[in-house]
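Examining the three-dimensional arrangement
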Amino acid sequence: MSGTAHLVVERVGATLLLTLNRPQARNALSLPMLVGLHDGWAEADEDDTIRSVVLTGAGGAFCSGMDLKALAGRGPADDTCRDRLKADPDLHWKAMLRHHCPRKPVIAAVEGPCVAGGTEILQGTDIRVAGESATFGLFEVRRGLFPVGGSTVRLTRQIPRTHALEMLLTGRPYTAHEAERIGLVGRVVPDGTALESALATAELVNANGPLAVEAVKACAYETAGLDEPDALAVELERGMRIFDTADAKEGARAFAEKRPPVFRRA
């Protein structure tokens, strides 16, 4: 277990578990938390023994958005964190997955509030599981603010435009079942089981060929804005490279021999 006081970093098998850890503030984003998230994504990218990442929050909350005291320069931080932000002014956007797409699959396990910046970080994750009492929403317009974490661009690409604009322009809260209905989350589970469900999904991902998993994720994002012929060309190029790997041959051999494959990232 590692990380800052505001972010707990753990390994669960081949999964990196990142837990937002300011339950007294409903896990509002602080500068130390953002620094920890930035470093967590970097660790997942650089460590080939990590196959997936699960992001969750402590104390029955996912994330209630930016700590407004931090936004005003009065929030919790230390000189090291401030120095990190000065050295990389883009650090907070990378931490919130606005300017960074991890190469490993990221699974969100949501309990309780996931609003404002929480809903914005959520849009940077790949698979999303929510407890029945989870709530979602982009409240920025209610405070005269703009959701600059990427929502005016990404939300309309991830869910139907009419639902995205209703969420953006009304600033109203959404229940977990509403979020599932409009496609913001993929699955709603009983309260208190979102993390368990997310880790079980991560195990399914971890059992697959890591080169194939990473290539599939990369292709899905790379082709999102392309015309179909161009997108299919990218898919074919990426896919054929995977077919040439030793892992692909091992997968076919293991299937024929009726045994689990042993993938070696080769």
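Below, the structure is looked at part by part.

What counts, and at which threshold
Each chain carries its own residue numbering, running from 1 in the written order of its sequence. Since the coordinates come from a predicted model, pLDDT governs what is reported: local features require at least 70, and pairs of side-chain atoms require 80 or more to be given and counted, while whole-chain, interface and lining totals use all residues. Computation of side-chain values: all heavy atoms of the structure, hydrogens and water removed. Under the DSSP-based scheme used, a helix requires at least four consecutive residues in state H or I and a strand at least two consecutive residues in state E, with every element numbered from the N terminus. Values of the radius of gyration come from C-alpha atoms, whereas the globule rule sets the reference at 2.2 Å times the count of residues to the power 0.38. Buried residues are those whose accessible area, probed at 1.4 Å on protein chains only, stays under 20% of the maximum for their type, while exposed residues exceed 50% and partly exposed ones sit between those limits. To be clear on the numbers: accessible area is Shrake-Rupley with a 1.4 Å probe, and residue cover counts the displayed protein chains and nothing else. In this text, buried Ala, Val, Leu, Ile, Met, Phe, Trp, Tyr and Cys residues form a nonpolar core when linked through side-chain atoms within 4.5 Å. Any two strands are treated as partners once DSSP identifies two or more bridges connecting them. Fitted lines through C-alpha atoms give the axes, limited to the stretch in contact for helices. The angle between two N-to-C directions lies from 0 to 180 degrees. By the convention used here, residues are in contact when the closest approach between their heavy atoms is within 4.5 Å. These descriptions rest on fixed angle ranges, namely under 35 degrees for roughly parallel, over 145 for roughly antiparallel, 65 to 115 for roughly perpendicular, and the rest for oblique. By definition, any crossing whose near helix is turned counterclockwise from its far helix by less than a right angle is left-handed, and any crossing with a clockwise turn is right-handed. Ten residue types, Ala, Val, Leu, Ile, Met, Phe, Trp, Tyr, Cys and Pro, are classed as nonpolar, four, Asp, Glu, Lys and Arg, as charged, and the remainder, Gly among them, as polar.

A few words on the overall build of the protein. Each helix and strand in the protein was counted, giving twelve helices and nine strands. Taken over the C-alpha trace, the protein has a radius of gyration of 19 Å; the compact-globule value for 266 residues is 18 Å, and the two agree within 12%. With respect to the three principal axes, the spread of C-alpha positions in the protein is 60 × 40 × 40 Å. When the 266 residues of the protein are sorted by exposure, 47% land in the buried category. Summed over its atoms, the accessible surface of the protein is roughly 13,000 Å², and 57% of this surface lies on carbon and sulfur atoms.

A word on the nonpolar core. Within the largest apolar cluster, 42 residues are counted, with the highest numbers of intra-cluster contacts made by Leu-18, Leu-37, Val-110 and Phe-136. Looking at this core, the element that brings in the most residues is helix H1 (residues 31–46), giving five residues. Counting ten residues, the second-largest nonpolar core is a separate cluster that includes Leu-17, Val-54, Val-129 and Leu-199.

Our next topic: the pairing of strand E4 (residues 106–110). Most of E4 is tucked away, with five of its five residues classed as buried. Of the two faces of E4, the one carrying Val-106, Ala-108 and Val-110 and the one carrying Ile-107 and Ala-109 are both buried. As judged from the three bridges shared by strand E3 (residues 52–57) and E4, these two strands associate in the parallel manner. Bridge pairing in E4 links Val-53 to Val-106.

Further remarks concern the sheet that holds strand E6 (residues 127–131). Sheet architecture is open: six strands sit in the order E1-E2-E3-E4-E6-E9, paired in mixed fashion. Across the chains shown, the open sheet's two edge strands, defined by having one partner strand only, are strand E1 (7–12) and strand E9 (187–189). This sheet shows a mean twist of 20° between the axes of neighbouring strands, independent of strand direction. Strand contacts of helix H9 (residues 194–206): E1, strand E2 (15–20), E3, E4, E6 and E9, with the helix running at about 175° to E3, the strand carrying the most contacts.

Orientation of H1 relative to helix H3 (residues 79–87), taken along the N-to-C sense of each, is 60°, at an axis distance of 9 Å. Here H1 is positioned oblique relative to H3, judged by the angle of their axes. H3 is crossed by H1, and the crossing has left-handed handedness. On the side of H1, the interface is formed by Leu-31, Pro-32, Val-35, His-38 and Asp-39, while H3 contributes Cys-81, Arg-82, Arg-84 and Leu-85. When its residues are assigned to classes, the contact of H1 with H3 shows five nonpolar, one polar and three charged.

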